[in-house]
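# Coordinate analysis (summary)
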Amino acid sequence: MKIRVKFRKYGEMKFIGHLDMMRYFQKAIRRAGIDICYSGGFSPHMIMSFASPLGVGLTSDGEYLDIEVGEVLSSEETVRRLNQAMVEGVEVVSCRRIPDGKASNAMALMAAADYEVHFREGKEPKKHWQEDFEKFCGQSSIMVLKKTKKGERELDIRPLIYEARVQGNGIFLKLAAGSSENLKPELVMDAFASYTKTELPEFALLIHRQELYADVGTDKKQCLVPLESLGEVIETARQ
Amino acid sequence: MRKLALDDSILLKIEKPARYIGNEINAVYKDKSKTDIRFCMCFPDLYEIGMSHLGIQILYDMFNQREDVWCERVYSPWVDLDGILREKKLPLFALESQDPVKDFDFLGITLQYEMCYTNVLQILDLSRIPLRAADRGQKDPIVIGGGPCACNPEPLADFFDLFYIGEGETSYDALLDLYKNHKKSGTSREDFLLAASGIPGIYVPSLYKVTYHPDGTVAAMKPAKPQAPEKVRRQAVSDLTSAVYPKKPLVPFIKVTQDRVVLEIQRGCIRGCRFCQAGMMYRPTRERDLKMLEESAHNMLESTGHEEISLSSLSSSDYSKLPELVTYLMEHFRGQGVNISLPSLRIDAFSLDVMSKIQDVRKSSITFAPEAGSQRLRDVINKGLTEEVILEGAGTAFDGGWNKVKLYFMLGLPTETEEDQKEIAHLAEKIAKRYYEIPKERRCGKCQITISTSFFVPKPFTPFQWARMCTREEFLERAYTVNMEVKAQLNRKSMKYNWHEADVTVLEGVFARGDRRLSSFLLRAYEKGCLFDSWTETFQGELWMEAAAETETDLMFYTTRNREKDELFPWDFIDIGVTKGFLYREWERALNETVTPNCRQQCQGCGAGRYESGICVESR
């Protein structure tokens, strides 16, 4: 049976990169005594996939991984066991059963992500940057140079920004995410900086991912729902 | 939540910030206001190396079991962070509390190989602890060294307050108790060190005076204070089964060299290879009880979540209950996706059967360490591996589907001739020939024989401590001879030859059998920028040579000089267990090409019997 685990990553754990987080969860799942399924062969590996890698330095309230399990425990029990195996800086918040099959994969479904961006103390842009940001968002197209494996290419990122606004003393962004179209918040902020004819100083941003979404709408109309909501709570343990 | 010693702008700039943040699974956190002694344990190399070391895991666990001690860790900052700490004048810190190392009561540094000595100075320097013990004051931590290189601590004598000689499990409690009283009563640092010298296994270098003959050899080494013992006796655990062993080893976030549960099945080795320091120093061979190992395996796999368990010992095949243990591990853990790795295993029907069950035959290789190419030279070094055994093992493996073989040798062994060197290639050729005897349709492609040679370094407390070491040029010439001979073989296309760096080996030889006069040489090399000398990318041979010239250090005195039977060695003040008489007897037997039976076959009266444990008290 497939299970979707949602977790938070905060504090000093932001220095642990994606590949190491995968290794961390592999070991944590074993410590928690979760009956995870393995692939066959001489070096069996856990059947586990993460929705989206989170860059080093970023924190998050909405990370996901899908795992395949044999014995099924209640959502509550799985969350409890996993949290006993966590270190400070990672917290499992939910665990839900999801439909079998590749189509339900978090990675395949993912369509958007929410981010909260703050400027580090002393690294804020000039005064009234909020007004500039509203104007920046009002543009019909935002052309950026995107570095790819083959070199650089011009790209209009405006269609990939689903929402963008000033929020408190920071910025809220809802951006395209996933395997087909993906926009990083850093790229939006770089584009904003060049729009104001400035450059962001090193380590100017504090980026926090809030949630990851799947698109359950049609080709014409997008309908974003948190990845978590595609699963159902497992009430009692059963085989 | 703790505050990290380094801020984001530093941690996001350097390679692998996870090396410096602590917080690993099973790391121990205590309230520092409620502990009497803060101990910082250091492995003076990169985090990934240090975290793979079993000894530190044992001591970390042992110290932290004491309520009055909080033991934390520190590793060498890589060159990127090293530069930043110096530039920003930030002190080196321990991983758990992130507090400066300078604030600790003890800094314990494990000495696993000679080429980490500049890293020892880096740790002291970045911690802002005076490099020389003589310059330290009441508030500085007590700097204590241990580990295999502490069996000749003399090149580092000036930089350490104490050395612990032998296995850590036995005397640390006494030392910590003594320190606690010293701290409470506020006695001076000197008084504490003097009292510490009375604890078995503790060596206080500042309490000894060394005099030299005109030819540079040691004339005498005498205690300067009557309380200090003439001889420091190496410590050994008598019963390994009841000795402490971690139930919850640390689990790093980043991939380290030894990313698995390590089960130490025995200590010591019965074989008596004459080049091998560990084989002489860790006598007597002591086994851990099967039941204890099984329980340990469960505990550690459950508490770490590791997906691999490795058996650790100098020669696993000599563990008397090996089949039982391996069968147990396979039955209980294979189904849970746990891999079992069995290094240092003799290749025979049993090990091949086990290997075929736990790894993919097509991908894995079998390993032999004949150490010398000819039978004559193998007799000299007392390596009981014969050509017949190697060919039979390789043959069985080939028939079982393996086609990769790794061979390990040493070059520059005592009495080694050109013929011995060429025999390395000939042995590889015979193995290849054995492979191609299998009918074509039954073998899978070509075989791959990888030959690796390292250069021989004579080590203290081995029968070869009297041996002359080769020069850099001699080493490289020997590697060249092997390389040419490999290329002259019929099956050369199935062979690959790798050899080790010679410059590093020479320095290793200098420090291995060095004395206290080397401290200025070491310090100069460090001041010139030598660091991480065991890493090819950071080793700076030319700086070492400059340091030698500037400090008028004659490296050849330590390496290529012939030593007389009755020369007093700088490490002779240590009573290691095996006697000098036994070692010299073995040296003579080596020169006579006479093999010595192993401990299980026949006792040789080496001296380790006085520990009254392990193989020495078992019925043979």
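All figures in this text were calculated on a predicted structure; none of them were measured in a lab. (Residues numbered from 1 in each chain as written. Chains lettered and ligands numbered in written order. Predicted model: local features only at pLDDT ≥ 70, side-chain atom pairs only at ≥ 80, totals over all residues. Heavy atoms only, no water.)

## What to know about the overall build of chain B
Regarding its fold elements, chain B presents 20 helices and 19 strands. Taking 25 Å as the expected radius of gyration for a compact globule of 620 residues, we find that chain B reaches 25 Å, a close match to that expectation. Taken over the C-alpha atoms alone, chain B extends approximately 75 × 65 × 55 Å along its principal axes. Put simply, chain B has 620 residues, and 61% of those count as buried. Pairs at least 24 residues apart make up 76% of the contacts formed inside chain B by residues separated by at least 6 positions. Placing the 81 positive and 90 negative side-chain charges of chain B at their respective mean positions leaves the two points 1 Å apart. (Helix = DSSP H or I, 4+ residues; strand = E, 2+ residues; numbered from the N terminus. Rg over C-alpha atoms; globule rule 2.2 N^0.38 Å. Buried < 20%, exposed > 50% of the residue type's maximum accessible area, 1.4 Å probe, protein only. Contact = heavy atoms within 4.5 Å. Lys, Arg positive; Asp, Glu negative; His and termini not counted. Charge placed at Lys NZ, Arg CZ, Asp CG, Glu CD.)

## Looking at the domain arrangement of chain B
Residue and element names in this part refer to chain B. When cut into domains, chain B gives domain 1 (8-233) and domain 2 (237-345 + 578-620). Look at where the C-alpha atoms of domain 1 and domain 2 centre, and you get two points 26 Å apart. In this complex, domain 1 contributes 28 residues to the contact, which on the side of domain 2 involves 26 residues. Together domain 1 and domain 2 conceal approximately 2,400 Å² of surface at their shared face, both sides included; 64% is due to carbon and sulfur atoms. Sorting the residues of domain 1 by area buried against domain 2 places Asn-26, Leu-54 and Glu-167 first, and these three jointly supply 23% of that buried surface. For the pair domain 1 and domain 2, the interface holds 3 salt bridges. For Glu-169, the salt bridge is made with Arg-267, and the minimal N-O distance between the two is 2.7 Å. Inspection of the domain 1/domain 2 interface yields 11 residue pairs in polar contact (both at pLDDT 80 or more). (Domains from an automatic or database assignment. Buried area = accessible area lost by both parts, 1.4 Å probe. Salt bridge = Lys/Arg side-chain N within 4 Å of Asp/Glu carboxyl O. Polar contact = N/O pair within 3.5 Å; in protein donor to acceptor, adjacent residues only side chain to side chain.)

## Focus on the sheet that holds strand β2 (residues 69-75) of chain B
All names here are of chain B. With respect to topology, 6 strands assemble into an open sheet ordered β2-β1-β3-β4-β5-β6, the strand pairing being mixed. Edge strands, defined here as strands with exactly one partner in the open sheet, are β2 and β6 (202-203). Inspection of the sheet shows strand β1 (residues 37-43) paired to strand β3 (residues 106-110) by 4 bridges, in the parallel sense. Residue pairing in the sheet places Cys-40 in a bridge with Leu-107 of β3. Along the sheet, helix α3 (residues 54-65) contacts β1, β2 and β3; its crossing angle with β2, the most-contacted strand, is approximately 155°. Lying on the sheet, helix α6 (residues 172-185) is in contact with β1, β2, β3, β4 (142-146), β5 (162-164) and β6; it crosses β1 at an angle near 135°. (Pairing = 2+ DSSP bridges. Axes fitted to C-alpha atoms, helices over the stretch in contact; angles between N-to-C directions.)

## As for the sheet that holds strand β17 (residues 448-455) of chain B
All names here are of chain B. Read from one edge to the other, the open sheet built from 4 strands follows the order β15-β16-β17-β18, with strand pairing classed as parallel. One side of each edge strand has no neighbouring strand; the edge strands of this open sheet are β15 (366-371) and β18 (495-499). The sheet shows a mean angle of 20° between the axes of neighbouring strands, taken without regard to direction. Bridge count between β17 and β18: 5 bridges; the pairing is parallel. Opposite Ile-451, over in β18, you have Tyr-497 as the bridge partner. Here helix α13 (residues 387-399) sits on the sheet and contacts β15 and β16 (404-411); the angle it forms with β15, its principal contact strand, is near 170°. Here helix α14 (residues 418-436) sits on the sheet and contacts β15, β16, β17 and β18; the angle it forms with β16, its principal contact strand, is near 170°.

## Considering the interface of chain B and chain A
Facing 36 residues of chain B, the contacting portion of chain A comprises 26 residues. Applying the counting rule to chain B against chain A returns 6 salt bridges. Viewed at the interface, chain A and chain B are joined by 15 residue pairs in polar contact (both at pLDDT 80 or more). Listed by contribution, the elements that provide at least two residues to the side of chain B that touches chain A are α1 (8-11), α9 (290-304) and α11 (349-358) of chain B. The residue inventory of the side of chain B that touches chain A, partitioned by class, reads 14 nonpolar, 11 polar and 11 charged. (Nonpolar A, V, L, I, M, F, W, Y, C, P; charged D, E, K, R; others polar.)

## As for the side chain of Thr-560 of chain B
All names here are of chain B. Note on placement: Thr-560 falls in the loop between α19 (555-559) and β19 (574-575). Residue class for Thr-560 comes out buried when judged on its relative accessible area of 13%. With near-sequence residues (within four places) excluded, Thr-560 lies in contact with Arg-468, Met-469, Cys-470 and Thr-471.

## Regarding the confidence of the model for chain B
Per-residue pLDDT for chain B averages 96, and the proportion of residues at 70 or more is 100%. In the model output, the complex is listed with pTM 0.95 alongside ipTM 0.93. (pLDDT = per-residue confidence, 0-100.)

## Some details on the domain arrangement of chain A
Residues and elements named next belong to chain A. Taken domain by domain, chain A consists of domain 1 (2-108 + 226-233) and domain 2 (111-221). Its C-alpha centre places domain 1 at a distance of 27 Å from the equivalent point of domain 2. Summing the contributions of domain 1 and of domain 2, the shared interface buries around 1,200 Å²; its carbon and sulfur component is 50%. Broken down residue by residue, the surface that domain 1 buries against domain 2 is led by Leu-58, Thr-59 and Pro-226, which jointly contribute 33%. Where domain 1 meets domain 2, there are 2 salt bridges. Here Glu-63 ties to Arg-209 by a salt bridge, and the two come within 2.9 Å at their closest N and O atoms. Ranked by residues supplied to the side of domain 1 that touches domain 2, first place goes to strand β3 (residues 59-68) with 6 residues.

## Comments concerning the pattern of salt bridges
Residues and elements named next belong to chain B. Applying the stated criterion across every chain yields a total of 72 salt bridges over all chains. Asp-318 serves as the salt-bridge partner of Arg-346, at 3.0 Å between the closest nitrogen and oxygen. On the criterion of sequence distance, the pair formed by Arg-346 in the loop between β14 (339-341) and α11 and Asp-318 in the loop between β13 (308-312) and α10 (322-333) is long-range, its members being 28 residues apart. Judged by relative accessible area, which is 36%, Arg-346 ranks as partly exposed.

## A short note on the side chain of Asp-533 of chain B
Residue and element names in this part refer to chain B. For Asp-533, the position within the fold is in the loop between α17 (519-527) and α18 (541-550). Despite its burial, Asp-533 pairs with no opposite charge; the closest candidate is Arg-86, at 12 Å N-O. Engagement of the side chain of Asp-533 in a polar contact is seen with the side chain of Thr-118, the distance being 2.6 Å. Apart from the residues lying within four places of it in its own chain, the contact partners of Asp-533 are Met-115, Thr-118, Asn-119, Val-504, Phe-539 and Trp-544.

## What about the nonpolar core?
Membership of the largest hydrophobic core comes to 171 residues, with the highest contact counts inside it found for Phe-25 of chain A together with Leu-107 of chain B. Not counting chain neighbours up to four residues away, the residues in contact with Phe-25 of chain A comprise Phe-7, Met-48, Phe-50, Leu-65, Met-86, Val-90 and Val-92 of chain A. Ile-366, Ala-397, Ala-479 and Tyr-497 of chain B belong to the second-largest nonpolar core, a separate cluster that totals 39 residues. (Core = buried A, V, L, I, M, F, W, Y, C linked by side-chain atoms within 4.5 Å.)

## As for the packing of aromatic side chains
Given two aromatic rings, their pairing is described by the distance between the two centres and the angle made by the two planes. By the definition in use, this model includes 41 aromatic pairs over all chains. Relative to Phe-25 of chain A, the ring of Tyr-24 of chain A has its centre 5.4 Å away and its plane inclined at 85°; by these criteria the two rings are edge-to-face. Pair check on accessibility: Tyr-24 of chain A and Phe-25 of chain A agree, each one buried. With 6.2 Å between their ring centres and 40° between their planes, Tyr-208 of chain B and Phe-573 of chain B make a pair best called tilted. (Phe/Tyr/Trp six-rings, centres within 6.5 Å; stacked < 30°, edge-to-face > 60°.)

## Structural notes on helix α15 (residues 472-487) of chain B
Residues and elements named next belong to chain B. With 16 residues, α15 should cover 22 Å at 1.5 Å per step; its first-to-last C-alpha distance of 23 Å lies within 8% of that length. The set of residues buried in α15 consists of Phe-475, Arg-478, Ala-479, Thr-481, Val-482, Asn-483, Glu-485 and Val-486. Close packing links the buried residues of α15 with β16, α14, β17, β18 and α16 (502-512). (Expected span 1.5 Å × (residues − 1).)

## Structural notes on unusual backbone geometry
Keep in mind that most residues, glycine aside, have a negative phi and that most peptide bonds are trans. Between Arg-283 of chain B and the following residue, Pro-284 of chain B, the backbone shows a cis peptide bond with an omega angle of -5°. One can find Pro-284 of chain B in the loop between α8 (277-281) and β12 (286-287). In the Ramachandran plot, Phe-203 of chain A falls in the positive-phi region, its phi being about 50° despite a non-glycine side chain. Mapped onto the fold, Phe-203 of chain A is located in the loop between α5 (185-195) and β10 (205-215). Residue Phe-203 of chain A is classed as buried on the basis of its relative accessible area of 18%. Here the phi dihedral of Asn-26 of chain B falls at roughly 75°; this positive angle occurs in a residue that is not glycine.

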